[in-house]
Amino acid sequence: MSVHGFLDIVQGSLAQYLNISKEIGGDVYQQSLLVKRAFDAQTEFLKTASQSSQPGQNELVQYLKPTSVEIESIQQFRERNRTSQFFNHLSAISESIPALGWVTVSPAPAPYVKEMNDAGQFYTNRVLKDWKEKDKKHVDWVKSWIQTLTELQAFVKQHHTTGLVWAKKGSAPPPPPPGCPPPPPPVLDLTAGGDTSLDRSALFAQINQGADITKGLKKVSSEMQTHKNPALRQGPAPFKPVSKPLAYGNSAGPAVDKPPSFTRDGKKWLIEYQKGKHDLIVDGVEMNNVVYMFKCTDSTVTVKGKINSIVLDSCKKSSVVFDNLVSSVEFINCQSVQMQVLGKVPTISIDKTDGCQIYLSQESLDVEIVSSKSSEMNVLVPKGNGDYTEYAVPEQYKTTVVPGKGLSTIIVENKG
């Protein structure tokens with residue numbers, strides 16, 4: 001029943017997502033092929049689980065490896081195509097595809113699937129914003145993918161409520177070996193000159209001793225018993241299973257220290273891997289240009305002129321100063337960042353960022369600030385004397401149930 005339920009998702013909402021991705025084409029279609037392979041790998045894994053008892057940890061890792069490889073391929077595809085016109089599409093899938101890691105979560109894997117679905121919502125909302133007036137196909141694409149993960153959550157909740165269910169009996173086919181197998185043991189040469197019948201006779205004679213066969217065994221003294229000799233118990237701790245999912249994607253590997261770059265690719269200014277640089281200047285811009293900062297540390301970028309938008313992605317202790325924006329400035333996966341607008345900015349978006357200082361100008365007091373999964377956000381509003389008044393963006397809320405209406409949420413001030 002579990003496998004059939006998963007196949008219903010593959011043949012239903014996932015198939016719809018794949019068909020629409022093919023119609024859109026380009027990078028969206030190429031990434032969708034990787035998504036199909038990831039779901040196919042999980043289908044095979046669920047078939048194995050439905051036919052066998054739970055294996056040891058080492059074997060389990062080998063069974064999960066095909067799914068893990070495909071998830072990592074999806075995330076790497078997004079990293080290789082940051083200049084794609086469908087970057088938000090690629091990011092939506094890349095951020096939420098780890099939902100397939102539910103098989104390693106216990107005791108409640110269904111909420112984990114929802115969490116991954118929510119993680120991609122930031123980018124699916126941007127797809128809707130950019131394409132809903134241009135091409136309805138992209139709206140259907142978003143709906144089909146969200147529906148796929150929603151059905152996956154319901155499937156997990158129904159069939160694997162407290163964790164992946166294995167068959168109580170049965171044996172799984174052996175997982176693929178991690179490396180070359182050891183050489184086979186040497187074959188007994190029955191054609192050699194020795195008389196093997198004597199060896200076999202001696203062996204059967206030993207077996208036929210019955211209870212007397214144990215007389216030759218060495219007695220185990222108290223010094224050799226682990227429960228009486230604590231010194232024998234010293235050593236590595238036994239394996240303890242974890243409730244968190246196995247690491248998927250690039251986050252499992254060491255951080256890659258790439259050389260800094262400052263390039264212009266058409267309408268996009270790419271500023272990446274800068275460290276300790278506070279004299280970075282973007283000049284000679286046009287209104288349709290975009291500045292994209294990625295994994296910059298302890299650096300400052302000054303943008304002169306009016307452009308469309310600015311994005312800071314995975315930056316630490318970095319700042320951006322700009323004149324005017326047509327659209328928005330966005331902070332994604334950042335830590336301890338600052339921005340200062342000298343002119344006008346309509347929207348500021350903060351997502352999964354810890355520590356964000358926002359210095360506004362008199363022209364930008366009507367700005368809209370949208371935040372999610374972020375903390376330590378402060379807005380500094382200018383006074384008439386050149387000083388600033390600091391306000392904290394709310395992070396704590398209280399939600400209550402209103403019978404017949406739904407939920408009511410209000411801001412809770414933290415006075416501690």
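Small disclaimer: the values here were computed from a predicted structure and weren't measured. (Residues numbered from 1 in each chain as written. Predicted model: local features only at pLDDT ≥ 70, side-chain atom pairs only at ≥ 80, totals over all residues. Heavy atoms only, no water.)

### Observations concerning the packing of helix H2 (residues 13-24) against helix H3 (residues 26-51)
And then number 1: At a closest axis distance of 7 Å, the pairing of H2 and H3 adopts a crossing angle of 155°. Considering their axes alone, H2 and H3 lie roughly antiparallel with respect to each other. Crossing of H2 against H3: the hand is left-handed. Taken together, the residues of H3 that come into contact with H2 (itself represented by Leu14, Tyr17, Leu18, Ser21, Lys22 and Ile24) are Gly26, Val28, Tyr29, Ser32, Val35, Lys36 and Phe39.
And then number 2: Residue composition of the contact of H2 with H3, grouped by class: 8 nonpolar, 3 polar and 2 charged. (Axes fitted to C-alpha atoms, helices over the stretch in contact; angles between N-to-C directions. Helix = DSSP H or I, 4+ residues; strand = E, 2+ residues; numbered from the N terminus. Parallel < 35°, antiparallel > 145°, perpendicular 65-115°, else oblique. Left-handed = near helix turned anticlockwise from the far one by under 90°. Contact = heavy atoms within 4.5 Å. Nonpolar A, V, L, I, M, F, W, Y, C, P; charged D, E, K, R; others polar.)

### Some details on the packing of H2 against helix H8 (residues 136-159)
And then number 1: Taken N-terminus to C-terminus, the directions of H2 and H8 make an angle of 155°; their axes are 8 Å apart at the nearest point. Considered as vectors, H2 and H8 are oriented roughly antiparallel to each other. The way H2 lies across H8 gives a crossing that is left-handed. Contact residues: Ser13, Leu14, Gln16, Tyr17, Ile20, Ser21, Glu23 and Ile24 in H2; Lys137, His138, Asp140, Trp141, Ser144, Trp145, Gln147, Thr148 and Glu151 in H8.
And then number 2: Split into classes, the residues belonging to the contact of H2 with H8 amount to 6 nonpolar, 7 polar and 4 charged.

### A closer look at the pattern of salt bridges
And then number 1: Using the criterion set out here, one finds 13 salt bridges in the structure.
And then number 2: Residue Arg82 pairs with Glu79 through a salt bridge whose shortest N-O separation is 3.0 Å.
And then number 3: Given the relative accessible area of 9%, Arg82 is considered buried.
And then number 4: Residue Glu79 is classed as partly exposed on the basis of its relative accessible area, which comes to 30%.
And then number 5: Lys352 is the partner of Glu95 in a salt bridge, and the nearest nitrogen-oxygen pair spans 3.1 Å. Placement of the pair is Glu95 in helix H5 (residues 87-96) and Lys352 in the loop between strand E8 (347-351) and strand E9 (354-359), with a sequence separation of 257 residues.
And then number 6: According to the relative accessible area criterion, Glu95 is buried, its value standing at 16%.
And then number 7: Classification of Lys352 by relative accessible area gives partly exposed; the value is 22%.
And then number 8: The network of salt bridges with shared partners includes Arg78, Glu79, Arg82, Glu95, Asp313 and Lys352. (Salt bridge = Lys/Arg side-chain N within 4 Å of Asp/Glu carboxyl O. Buried < 20%, exposed > 50% of the residue type's maximum accessible area, 1.4 Å probe, protein only.)

### A look at the packing of aromatic side chains
Here a ring pair, both rings aromatic, is described through the centre-centre distance and the interplanar angle of the planes.
And then number 1: Evaluated as defined, the whole model comprises 13 aromatic pairs.
And then number 2: Relative to Phe39, the ring of Phe6 has its centre 6.0 Å away and its plane inclined at 20°; by these criteria the two rings are stacked. In this pair, Phe6 is assigned in helix H1 (residues 2-11) and Phe39 in helix H3, connecting sequence segments 33 residues apart. Pair check on accessibility: Phe6 and Phe39 agree, each one buried.
And then number 3: Taken together, a centroid distance of 6.5 Å and an interplanar angle of 80° make the contact between Phe39 and Trp145 edge-to-face. Residue Phe39 is found in helix H3, and its partner Trp145 is found in helix H8; the two are separated by 106 residues along the sequence.
And then number 4: Overall, the relative accessible area of 0% leaves Phe39 in the buried class.
And then number 5: Under the relative-accessibility criterion, Trp145 is labelled buried at 1%. (Phe/Tyr/Trp six-rings, centres within 6.5 Å; stacked < 30°, edge-to-face > 60°.)

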